[in-house]
Amino acid sequence: MKVVVYAICKNEKPFAERWVKSMAEADEIVVLDTGSEDGTVQKLRELGVKVAEEQIIPWRFDKARNKSLELVPEDADICVCTDLDEVFEPGWRAGLEQSWKTDKGTSRARYRYTWSFTPKGGEGVVFWIEKAHSRHDYQWVHPVHEVLNWIGQGQPGKTVTAEGVQLNHFPDSSKSRDQYLPLLELSVEEEPMDDRNMHYLGREYMYKQRWDDCIRTLKKHLSMPSAQWEDERAASMRYIAKSYLMKGERKQARDWYLKAIVQAPYLREPYMDLANALYEEKQWEGVLYFTDCALQIVNRPKTYICEAASWGSLPHDLKAIAFYHTGRLAQALEEEEHALAIEPDNERFQRNIKIMKEKIKEQ
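An account of the accompanying structure is given in this report. (Residues numbered from 1 in each chain as written. Predicted model: local features only at pLDDT ≥ 70, side-chain atom pairs only at ≥ 80, totals over all residues. Heavy atoms only, no water.)

**Topic: the pattern of salt bridges**
And then number 1: A complete count under the given rule lists 30 salt bridges for this structure.
And then number 2: The partner of R110 in a salt bridge is E130, and the shortest N-O contact between them spans 3.3 Å. With a gap of 20 residues between them, R110 in strand β6 (residues 106–114) and E130 in strand β7 (residues 126–133) connect regions that are remote in the sequence.
And then number 3: Residue classification places E130 among the partly exposed positions, given a relative accessible area of 26%.
And then number 4: Between E285 and R328 there is a salt bridge, with its nearest N and O atoms 2.8 Å apart. One end of the pair, E285, is in helix α11 (residues 284–295); the other, R328, is in the loop between α12 (314–325) and α13 (329–342), with 43 residues separating them in the sequence. (Salt bridge = Lys/Arg side-chain N within 4 Å of Asp/Glu carboxyl O. Helix = DSSP H or I, 4+ residues; strand = E, 2+ residues; numbered from the N terminus. Buried < 20%, exposed > 50% of the residue type's maximum accessible area, 1.4 Å probe, protein only.)

**Observations concerning the sheet that holds strand β3 (residues 50–53)**
Paired through their backbone hydrogen bonds, the strands of a sheet run either parallel or antiparallel.
And then number 1: Reading across from one edge, β3-β2-β1-β4-β7-β6-β10-β5 is the order of the 8 strands in this open sheet, with mixed pairing throughout. Only two strands of the sheet have a single neighbouring strand rather than two, namely β3 and β5 (86–88). This sheet shows a mean twist of 35 degrees between the axes of neighbouring strands, independent of strand direction.
And then number 2: Two strands pair when backbone bridges link them, and β5 and strand β10 (residues 158–169) are joined in this way by 3 bridges, in the antiparallel orientation. Each residue of the ladder has a partner; that of F88, found in β10, is L167. (Pairing = 2+ DSSP bridges. Axes fitted to C-alpha atoms, helices over the stretch in contact; angles between N-to-C directions.)

In structure tokens form, the structure reads like this:
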């Protein structure tokens, strides 16, 4: 099978060599450079990458992705879209090829994606993406948060899961997100009935601390007939709750967190958001109840809705603090030791355990 990696880039010379090395299992690597001024183009060409140059004005990610896809040879069997701040773990090609060969009629594959890492190097946000696809009958849509769209005749081919394929993301923290908001507003203007875009726009307003815009937009998202994915609906409710919390309207916030729990009771995140809010109010029994609810969920979802904190040390840490403040020192110690096992270098956990042990001895 012929496997080709394609990408867009701008001013990413520091990542070029690492990226090319991780993509080297492909038969060919092609890149559309959209205006680099730091020597990225020259570096990529030195590394054997086919590079075309074109500025996209006005900028939109879908147009750039489609232009880069045009660089992929027509006889490619598998196209893999990545970015230069991403790295495949070795063996990815064999994993994709096996998926294509095992399931006839495959036109797309999903694989595991670590979007962020913790400061200590552990995995942060992890979900599954679907950016490996057949050469024809797909195009990218939406100015930002772009996705692949089937444009062929009839039903799309099968989407399979490529077990063992792992892509890691190491984002450039110096790059600004300022373009995201206007592009999301454009996305909603172009397709006002697209619930996914509406959700992302509301979330972006939250990131920008535009609390009223966030609330208004996400309530609109929840009212849309097409907004049926429970995980995303629960996320909208959580973001509404956070916005109310930041506005000082704690009762409204608590009500929306409870709505999120009812919407998706199988997710840890709504329980942990409410536990955090109750922690700020020193409502210790509430903290115990909702952290316990979260910890009873043991299967981590494979979507981007899944957030690192809820699956790390936080549930045990909050539970330990709540036990401590209600005088249950043995349970507090047990929970803080669980937290430390997950995050062994955490000095606060270590200090807390020492204090708890000393107090238990004094009893």
